[in-house]
Amino acid sequence: MAAIKQEIEGKKDGITNKDTLLAVLKFLKENNLKGTEELLLKEANVKDEDLKQQDQSDVSSALAAYKSESDPSVYEEYYTSLKTFIESSLDVHKCELSMVLYPVFVQMYLELVYNNHEGEAIAFFEKFNKDQESYYEEDLKQLFTVTKAEHMARNQLMENFKSSEFTLRMSRDSYNHLKRYLLDKKHTVLLNIIQEHLFIDVYDGVPRTKLQIDSTAGGVLGEARRDANKAKVYYGLMKEPDINIPLDDDDGETEGEDKPKKKKPKKDLLLSRKTKNDPNAPPMNRIPLPEVKDHHKLEKVKSLKESLKRVSVAPDHLPSICFYTFLNSYSGVTSVDITEDSSTMSAGFSDSYIRVFSLNQSKLRCVKQRDALGVIDPLADDVLERMMDDRTATVYKTLLGHSGMVCATSFNPDRSFMLSSSTDGTIRLWSTATWTNLVCYKGHNYPVWDVKFGPYGHYFVSGGHDNTARLWSTDHYQPLRLFAGHLADIDTVRFHPNSCYVATGSTDRTVRLWDVHSGSCVRIMTGHKAPIHTLEFSPDGRYIASAGVDQVILLWDVASGELAGQLKGHTGTIYSLAYSREGATLASGACDNTVKLWDVNKLLDDQDGEGITTANLVNSTSYEIGSYPTKSTPVLSLHFTRRNLLLAAGPYVP
């Protein structure tokens with residue numbers, strides 16, 4: 001845009017003294033200042049034929065160049081001129097050019113307010129706010145609360161527009177079309193706004209259609225810049241540690257000798273698949289990971305055994321769904337989390353309580369007192385079982401420590417610890433052996449909306465109202481990394497399956513991917529039209545699904561940062577997403593009281609390696625393979641068990 005300004009300034013310098021003089025004479029004549037006009041004609045030696053030959057459009061142009069930028073009338077005039085130009089453009093350019101209207105409208109309104117033209121600012125807003133896209137409606141409502149200069153210091157949206165550039169992507173043909181208009185009209189106010197507050201990311205290619213633009217538009221500050229997604233992302237899974245424990249237990253199946261022989265190659269294939277070197281995986285030493293202990297290996301063996309009995313989910317073979325409903329939850333269920341082995345469920349409540357429930361026949365127990373532990377043989381095979389006190393066994397435990405609403409809970413992989421976050425601004429670490437609070441982490445200044453353990457435990461990530469996400473480890477009471485870049489609350493956080501990246505979803509309608517090693521943002525993904533409330537990585541780490549208030553699920557390619565798919569069907573805010581264990585099916589739960597299943601494999605196969613197409617966007621409802629309504633229960637949590645049974649949970653709302 002600097003080039004445009006230089007060209008316009010050059011043309012301004014080219015306005016001759018004669019043109020300026022004729023413009024002043026025209027002004028004197030229109031205002032009936034005959035004496036001054038005659039005196040100027042005499043001193044400047046201007047002839048009558050010069051006045052007659054002067055084209056009226058040139059005089060108007062010269063006058064416009066000398067209009068005061070503080071004159072409020074020019075804002076409406078320039079905006080109307082820009083709007084007329086876009087509406088008269090060819091259809092192939094109109095969609096891309098129309099993206100300029102919203103940021104120009106906002107900046108013009110803010111300039112009018114800043115220059116104390118309150119009446120003109122309100123009139124300008126009321127005249128043109130209906131022209132903006134519907135997904136900016138909430139932002140415009142917030143913007144209209146700023147009608148005086150002193151209001152500007154307390155408005156988050158205004159601060160975002162003043163401190164950052166609005167990004168929009170435009171083909172070179174459309175950009176040149178806009179450039180010619182600006183050079184021709186020489187609208188100084190409009191030029192300054194475009195140069196100082198807009199970043200036009202020009203690409204070579206065919207102009208995008210309205211459908212394609214809408215699929216990536218909607219962020220508070222427009223679309224993501226292409227250069228923001230250039231960094232390499234190691235999205236592959238790291239090699240699993242060697243497990244030297246044989247899988248020779250066939251769970252008591254003794255019918256015939258052929259069945260065990262058929263199962264053995266399956267086990268070997270499964271184990272070898274988990275230990276292959278992925279070319280897209282990060283180096284093993286990229287981030288320090290906790291040591292794999294014997295009980296971790298035993299848990300891994302148990303998981304592999306169960307996975308042998310897994311049933312693949314497909315359109316012709318849908319999963320069974322087990323729904324847990326919280327009845328009489330007058331204190332308000334705010335969050336639900338289920339352990340990886342599906343044995344335990346935690347729920348956070350608005351009255352600051354946390355309740356943990358057993359989902360199997362085993363009750364929840366506490367560790368014995370110190371005196372009783374002293375007589376237990378530490379080398380016994382069942383030492384962990386002997387440490388538990390059966391007298392404390394109950395079907396659920398209640399935890400109290402927060403002083404505000406509990407926003408999220410999260411179990412570590414081996415279920416030994418649980419995290420919780422709250423509106424009191426703290427994160428608490430709980431022991432599931434003693435059911436007591438071990439650590440209170442303080443770092444966020446405002447409510448912490450979400451917290452999540454990493455896939456290896458040890459590390460966890462949090463996000464909150466202070467627009468930041470923070471990386472922690474259980475053995476440090478201060479955060480290890482601070483991820484700053486979002487323009488509004490971070491509502492949801494997730495670890496990548498390889499633990500090297502963290503994804504965040506925000507009220508600013510963007511999804512960001514952060515590198516745990518460097519702390520930098522390596523992906524910015526725009527396309528949502530409302531706050532994002534849930535994220536979920538595919539099991540292979542290649543894709544991430546996001547959803548929220550706009551009732552649409554967007555599927556992103558982590559490798560490129562591009563939109564890979566769009567799924568529509570819900571009629572309420574989507575609060576939960578879950579991939580089946582093999583990654584072929586995506587489940588979604590929303591406050592429209594339904595659980596829906598989507599065929600992700602078919603969605604990706606339809607792209608044919610060309611990325612998302614218009615057909616994908618138009619047929620975004622055709623990938624739904626199942627819809628299961630509840631009576632009156634919004635779905636807060638979804639979880640696939642190791643055998644692909646789908647667990648869901650939510651509070652009954654009469």
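Rules behind the numbers
Residues numbered from 1 in each chain as written. Predicted model: local features only at pLDDT ≥ 70, side-chain atom pairs only at ≥ 80, totals over all residues. Heavy atoms only, no water. Salt bridge = Lys/Arg side-chain N within 4 Å of Asp/Glu carboxyl O. Helix = DSSP H or I, 4+ residues; strand = E, 2+ residues; numbered from the N terminus. Buried < 20%, exposed > 50% of the residue type's maximum accessible area, 1.4 Å probe, protein only. Pairing = 2+ DSSP bridges. Contact = heavy atoms within 4.5 Å. Axes fitted to C-alpha atoms, helices over the stretch in contact; angles between N-to-C directions.

Caption draft 1: Highlighting the pattern of salt bridges. All chains considered together, the criterion is met by 29 salt bridges. The salt bridge partner of Lys 141 is Glu 137, with a shortest N-O separation of 3.7 Å. Of this pair, Lys 141 and Glu 137 both sit in helix 10 (residues 137-143), four residues apart, which is roughly one turn of the helix. The partner of Arg 208 in a salt bridge is Glu 223, with the nearest N and O atoms 3.0 Å apart. You can see Arg 208 sitting in the loop between strand 2 (198-203) and helix 14 (210-216) and its partner Glu 223 sitting in the loop between helix 14 and helix 15 (258-274), a full 15 residues away along the chain. On the basis of relative accessible area, Arg 208 is assigned to the buried category, the value being 12%. Each of Glu 299, Glu 306, Glu 340, Asp 341, Arg 415, Arg 581, Arg 642 and Arg 643 takes part in a single network of salt bridges with overlapping partners.

Caption draft 2: Quick peek at the pairing of strand 19 (residues 501-506). In terms of burial, strand 19 is largely enclosed, as six of its six residues are buried. Every second residue of strand 19 is oriented toward a common face, with Tyr 501, Ala 503 and Gly 505 on one face and Val 502, Thr 504 and Ser 506 on the other, all of them buried. In this antiparallel pair of consecutive strands, strand 18 (residues 490-495) and strand 19, the connection spans five residues, and Ser 499 shows a positive phi of 70°. Looking at chain direction, strand 19 and strand 20 (residues 510-515) are connected through five bridges and run antiparallel. In the sheet register, Val 502 faces strand 20, and the bridge partner there is Trp 514. The antiparallel pairing of strand 19 with strand 20 creates a hairpin that spans three residues between the two strands, and Arg 509 there sits at a positive phi of about 70°.

Caption draft 3: Quick peek at the side chain of Ser 588. By secondary structure assignment, the location of Ser 588 is in strand 27 (residues 585-590). Beyond its immediate sequence surroundings of up to four residues, Ser 588 is in contact with Ile 553, His 570, Ile 574, Ser 576, Leu 577, Thr 594, Val 595, Lys 596, Trp 598 and Leu 638.

Caption draft 4: Just the sheet that holds strand 6 (residues 353-358), in detail. A sheet is described by the order of its strands in space; here four strands give the open sequence 4-5-6-9, paired in antiparallel fashion. Each edge of the sheet is formed by a strand with only one pairing partner; in this case those strands are strand 4 (333-338) and strand 9 (396-400). Across the sheet, the axes of successive neighbouring strands diverge by a mean angle of 20°, strand direction being ignored. In terms of strand pairing, strand 6 meets strand 9 through five bridges, oriented antiparallel. Along strand 9, the bridge assignment pairs Arg 355 with Thr 398.

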